[in-house]
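Each chain, letter by letter, is given below.
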Amino acid sequence: MKEVKAIIFDLGGVLINLAPNKTRDAFIELGIPHFEELFTVFKATPLFDDLETGRVQPAEFIEKIQNESQAPISEDQIITAWNAMLLDFRLESLEFIRSLSEKYPVFLYSNTNRIHYEAFEAYYRSLNPDRHFNDLFKKAYYSHEIGYRKPEIEGYQHILNDQELVAGNTLFVDDNAGNIEGAKLAGLLTHHLGATEKIEHVLKDLLK
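Residues numbered from 1 in each chain as written. Predicted model: local features only at pLDDT ≥ 70, side-chain atom pairs only at ≥ 80, totals over all residues. Heavy atoms only, no water.

**Q** Looking at this model, I keep getting lost on the overall build of the protein. Mind explaining?
**A** Along the backbone of the protein there are eleven helices and seven strands. At 18 Å, the protein has a C-alpha radius of gyration in line with the 17 Å of a compact globule built from 208 residues. Overall size of the protein, expressed as C-alpha extent along the three principal axes, is 55 × 35 × 30 Å. The buried share among the 208 residues of the protein stands at 50%. Restricting the contact set of the protein to residue pairs at least 6 apart, pairs at least 24 apart contribute 71%. Summed over its atoms, the accessible surface of the protein is roughly 10,500 Å², and 48% of this surface lies on carbon and sulfur atoms. Charged side chains of the protein number 21 positive and 33 negative; the gap between the two group centres comes to 7 Å. (Helix = DSSP H or I, 4+ residues; strand = E, 2+ residues; numbered from the N terminus. Rg over C-alpha atoms; globule rule 2.2 N^0.38 Å. Buried < 20%, exposed > 50% of the residue type's maximum accessible area, 1.4 Å probe, protein only. Contact = heavy atoms within 4.5 Å. Areas by Shrake-Rupley, 256 points an atom, 1.4 Å probe, with all protein chains shown as cover. Lys, Arg positive; Asp, Glu negative; His and termini not counted. Charge placed at Lys NZ, Arg CZ, Asp CG, Glu CD.)

Next up, the structure:
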């Protein structure tokens, strides 16, 4: 691998554990037994992409979910169900990020939405009352804020341009193969994090 001068990390499946089936089960309990079918339909329409790129605001997303429910459900119930997929932070990985940031500019690039962002930020602050999650990074980039989502090449290029980084010296780490391919097309160095891998183990060898 070429010399690494900066590192960009994904969030879900890399720094925080996810369980999408918990969100599915939570919505089924709320009276949306066809949630998997609905999710597939919404994936085929712009709704989820628009939520993750900030073109649809949480209120509109929540209203569309309410319209699909077979029973009245509140905004809070939907938010709780939507966030059920967010599990615990990988604390050793976060500590590794802190140590890496002493040697490299470290960034985050996550496909997420305002509802999830507010949830994991609140969870992080419950563990670290005097800190914000974004403080771990030189800068954190979220799809709902920058208007691009992985694996769109424009998202990677936005970060490279914004930070004046050289793609060939910037390492991108993600657990999603499609996102890795997008990063490669943008010229980034990459590591596809396996299901059992943790960054604190893998990168020690990669960065030697």
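**Q** I keep staring at the environment of Leu94 and nothing clicks. Help me out?
**A** You can see Leu94 is positioned in helix H6 (residues 91–100). With a relative accessible area of 1%, Leu94 lands in the buried category. Excluding residues within four positions of it along the chain, Leu94 makes contact with Leu15, Phe89, Tyr124, Phe133 and Leu136.

**Q** Mind showing me how you'd approach the environment of Arg125 here?
**A** When you line up the elements, Arg125 lands in helix H7 (residues 114–127). Overall, the relative accessible area of 33% leaves Arg125 in the partly exposed class. Setting aside residues no more than four positions away along its own chain, Arg125 makes contact with Arg131 and His132.

**Q** In this structure, what is going on with the pattern of salt bridges? I would like to understand it.
**A** Here the idea is simple: oppositely charged side chains can pair when their charged atoms come close. Within this structure, the stated rule accounts for ten salt bridges. Between Glu52 and Arg149 there is a salt bridge whose closest N-O contact spans 2.6 Å. A residue pair is termed long-range when its members are at least 10 positions apart, and Glu52 in helix H3 (residues 47–52) and Arg149 in the loop between helix H8 (143–146) and helix H9 (153–163) qualify at 97 residues. The class of Glu52 is buried, set by a relative accessible area of 16%. When the shortest N-O distance is used, the salt bridge between Lys184 and Glu181 registers 3.6 Å. With a gap of three residues between them, Lys184 and Glu181 both fall in helix H10 (residues 177–185), about one helical turn apart. The class of Glu181 is partly exposed, set by a relative accessible area of 45%. Here the salt bridges share partners, and the residues they tie into one network are Asp10, Lys150 and Asp174. (Salt bridge = Lys/Arg side-chain N within 4 Å of Asp/Glu carboxyl O.)

**Q** Explain the layout of surface pockets to me, please; I cannot follow it from the model alone.
**A** A water-sized probe, rolled over the atoms, reveals where empty space remains. In this structure, the largest pocket occupies an estimated 770 Å³ of space. Surrounding the largest pocket, 31 residues form its lining, Leu18, Pro20, Glu52, Met85 and Asn111 being those nearest its centre. Counting only elements with at least two residues in the lining of the largest pocket, the list comes to strand E2 (16–18), helix H1 (20–29), helix H2 (35–44), H3 and H7. For the lining of the largest pocket, the leading source of residues is H2, giving four residues. Grouping the constituent residues of the lining of the largest pocket by class yields twelve nonpolar, nine polar and ten charged. (1 Å grid on protein atoms, 1.4 Å probe; cavity = no way out; pocket = protein on both sides within 12 Å on 5 of 7 lines; lining within 4 Å. Points joined across faces, edges and corners; volume = space filled by probe spheres on them. Nonpolar A, V, L, I, M, F, W, Y, C, P; charged D, E, K, R; others polar.)

Treat this as a map of the structure, not an account of what it does.
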